[in-house]
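Listed here are the chains, written in short residue letters.
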Amino acid sequence: MSNKKEEKSTAAKLKEKLFRKTVSGCCKVSEDEIAKADHFCEDYKIFLNNAKTEREAVAYAISAAEKKGFCEYDRNKEYKAGDRIYVNNRNQAVMLAVIGKNGTHNGVRLGIAHIDSPRLDLKPNPLYQANDLALFKTHYYGGIKKYQWPTIPLALHGVIALKDGKCINVNIGDNEDEPCFCVTDLLPHLANEQMSKVMTKAFDGEQLNVLVGSRPFNKDEESENVKLNIMNILYEKYGITEDDFVSADLSMVPADKARDLGLDRSMIASYGHDDKVCAYPALCAATDTDIPESTIITVLTDREEIGSDGNTGMRSTYMADFIEDLAKADGEELRHVMAKSTCLSADVSAAYDPTYSSAFEANNSAYINNGAVISKYTGSGGKYSTSDASAEYMAKIRRLLDDKNVLFQTCELGKVDGGGGGTIAKFVANLNADVVDLGVPVLSMHAPVEVVSKLDVYMTYRALYEFYNA
Ligand code: MN
Ligand code: MN
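Values in this document were obtained by computation on a predicted structure and should not be read as measured data.

## Digging into the coordination of the manganese ion (ligand 1)
Summarising the metal site, the manganese ion (ligand 1) is bound by the protein donors His 114 (NE2), Asp 274 (OD), Asp 347 (OD) and Asp 347 (OD), whose distances to it range over 2.1 to 2.7 Å. Ordering the donors of the manganese ion (ligand 1) by residue number gives the pattern H-x159-D-x72-D. Here the manganese ion (ligand 1) and the manganese ion (ligand 2) are spaced 3.4 Å apart, with Asp 274 acting as a shared donor. You can see His 114 sitting in strand 4 (residues 109-114) and its partner Asp 274 sitting in helix 7 (residues 273-288), a full 160 residues away along the chain. A relative accessible area of 2% means that His 114 is categorised as buried. We classify Asp 274 as buried; its relative accessible area is 3%.

## Overview of the environment of Ala 362
Positionally, Ala 362 belongs in the loop between strand 16 (349-350) and strand 17 (372-375). Residue classification places Ala 362 among the partly exposed positions, given a relative accessible area of 42%. It is 35 Å that separates the C-alpha atoms of Ala 362 and Pro 153, two residues lying 209 residues apart in sequence. Filtering out sequence-adjacent residues up to four positions away, Ala 362 remains in contact with Tyr 352 and Tyr 367.

## A look at unusual backbone geometry
Residue Asp 275 is reached from Asp 274 by a cis peptide bond, and omega for that bond is 10 degrees. Within the fold, Asp 275 resides in helix 7. Of note in the backbone geometry, Asn 432 takes a positive phi value of approximately 75 degrees without being a glycine. When you line up the elements, Asn 432 lands in the loop between helix 11 (425-429) and strand 19 (434-439).

## What about helix 3 (residues 54-67)?
Taking 1.5 Å of rise per residue, the 14 residues of helix 3 would be expected to cover 20 Å, and the 20 Å separating its terminal C-alpha atoms lies within 8% of that figure. When helix 3 is considered as a whole, its buried residues turn out to be Glu 54, Arg 55, Glu 56, Ala 57, Val 58, Ala 61, Ile 62 and Ala 65. Positioned one or two residues after helix 3, Gly 69 has a phi angle of 90 degrees, which is positive.

## Some details on the domain arrangement of the protein chain
By domain assignment, the protein chain separates into domain 1 (21-117 + 271-468) and domain 2 (119-254). Look at where the C-alpha atoms of domain 1 and domain 2 centre, and you get two points 33 Å apart. Facing 16 residues of domain 1, the contacting portion of domain 2 comprises 15 residues. Contact with domain 2 buries surface across domain 1, with Lys 52, Arg 55 and Pro 448 losing the most and accounting together for 36% of the total. Along the contact surface separating domain 1 from domain 2 lie 3 salt bridges. With a shortest N-O distance of 2.8 Å, Asp 174 and Lys 52 are connected by a salt bridge. Inspection of the domain 1/domain 2 interface yields 7 residue pairs in polar contact (both at pLDDT 80 or more). Classifying every residue of the side of domain 1 that touches domain 2 gives 4 nonpolar, 4 polar and 8 charged.

## A short note on the sheet that holds strand 14 (residues 296-301)
The sheet built from 9 strands is open, its strands ordered 1-2-3-14-4-15-19-17-18 with mixed pairing. Because the sheet does not close on itself, it has two edges, and the strands there are strand 1 (71-72) and strand 18 (408-410). By the bridge criterion, 4 bridges tie strand 4 to strand 15 (residues 342-345) in an arrangement that is parallel. If you follow Ile 112 over to strand 15, its bridge partner there is Ser 345. Sheet contacts for helix 3: strand 2 (84-89), strand 3 (93-98) and strand 14; angle to strand 3, the most-contacted strand, approximately 20 degrees. Here helix 12 (residues 454-469) sits on the sheet and contacts strand 4, strand 14, strand 15, strand 17 and strand 19; the angle it forms with strand 4, its principal contact strand, is near 150 degrees.

Here is what the cut-offs are and how they apply
Residues numbered from 1 in each chain as written. Chains lettered and ligands numbered in written order. Predicted model: local features only at pLDDT ≥ 70, side-chain atom pairs only at ≥ 80, totals over all residues. Heavy atoms only, no water. Donors = N, O, S within 2.8 Å, 3.2 Å for Na, K, Ca; no water. Helix = DSSP H or I, 4+ residues; strand = E, 2+ residues; numbered from the N terminus. Buried < 20%, exposed > 50% of the residue type's maximum accessible area, 1.4 Å probe, protein only. Contact = heavy atoms within 4.5 Å. Expected span 1.5 Å × (residues − 1). Domains from an automatic or database assignment. Buried area = accessible area lost by both parts, 1.4 Å probe. Salt bridge = Lys/Arg side-chain N within 4 Å of Asp/Glu carboxyl O. Polar contact = N/O pair within 3.5 Å; in protein donor to acceptor, adjacent residues only side chain to side chain. Nonpolar A, V, L, I, M, F, W, Y, C, P; charged D, E, K, R; others polar. Pairing = 2+ DSSP bridges. Axes fitted to C-alpha atoms, helices over the stretch in contact; angles between N-to-C directions.

See the structure below:
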């Protein structure tokens, strides 16, 4: 036996000292850490199955937070270090705060993820009959590839608000004993014209109609009898009439449940990883934090997928208003608090996909199992529409994650000029805080079934936890 293994060349030693390490993340962490990741993700899957819409995510987060001692914020009350509070913004966004030893005097630590995901929203007047079929008209929400949504089982989620002030929760289609719904597609035998179209034209937004019924009411010879039968089923179940659709937030989402992916069960296939895969770690990091140095605020926000506009999105003043209330209680001004605040914008990035390697630049891509991914900037067309974290702030985050042995990597969202995208980072940066994007790399982002690695989910939790507790 030779002991060649132990003899490293000068070049090999120098490489080890100077080069970025590029071995798979799984080789860098212990078996124990991988077991913890697998365990963490069992509960993450439960969250995914119970939080397909932002409203469901808010309800889940509040219930989980209350179990860990969080109470609804009251601006007339005085809070001390270790107090745990939440603010529910219209059941569509939620903020959780743990008051720190220094309160807001040295700024706050923000962890922000979004809880809305791409889907098919019902139009305000959705139900119609065509021939003998009843269908819902939809308007897609967020950036989808339309061809991915026909011929998969869909579930109906959302709320119907009635004129008398009652709000009805709707959730049909996820369980095997419930009916599901679907958008139909043309059979290949008759699709010569469709198949010759370019992908963006093959499916029209107005073709994303959801099939919801086919039997007539009472076999009467009335017109629109199939529609009547569906309306009658909805009336008997929820007490609603057709006019009530106008005051509803109803969405069609993929009906499948989150499942382990791969023979090694190393990944999770599910709808909605973007961005529940960061929202859930952020929620856990918040509820697991005891008494932080600076006040920590976890924001689970809405509307990110449609540009963050609206009163529940990050262009709204709701987060700054809350921080201002906390600042005032400490005798501080909001602007002074924001200038000292730091934020992890917890959102997903694209995982390098070897099947579509030409879309990526291999040296600046995120890889499955290489840990939480930091994106110094996102945007498109020459760093447009992004905040681009400073070198100093990047150094601070690197140091923290290295010190705490959190596995992380950095990336750009694909090739330069290959497309692009944005996150909420810039809206927080515009409030004069330091922000960088940190989250989980995702395969098939925005598809009805997205893929993440369990290790990366867990490392994102650890990054957020250490950020809150630094
Ligand atoms: Mn996202
Ligand atoms: Mn997205």
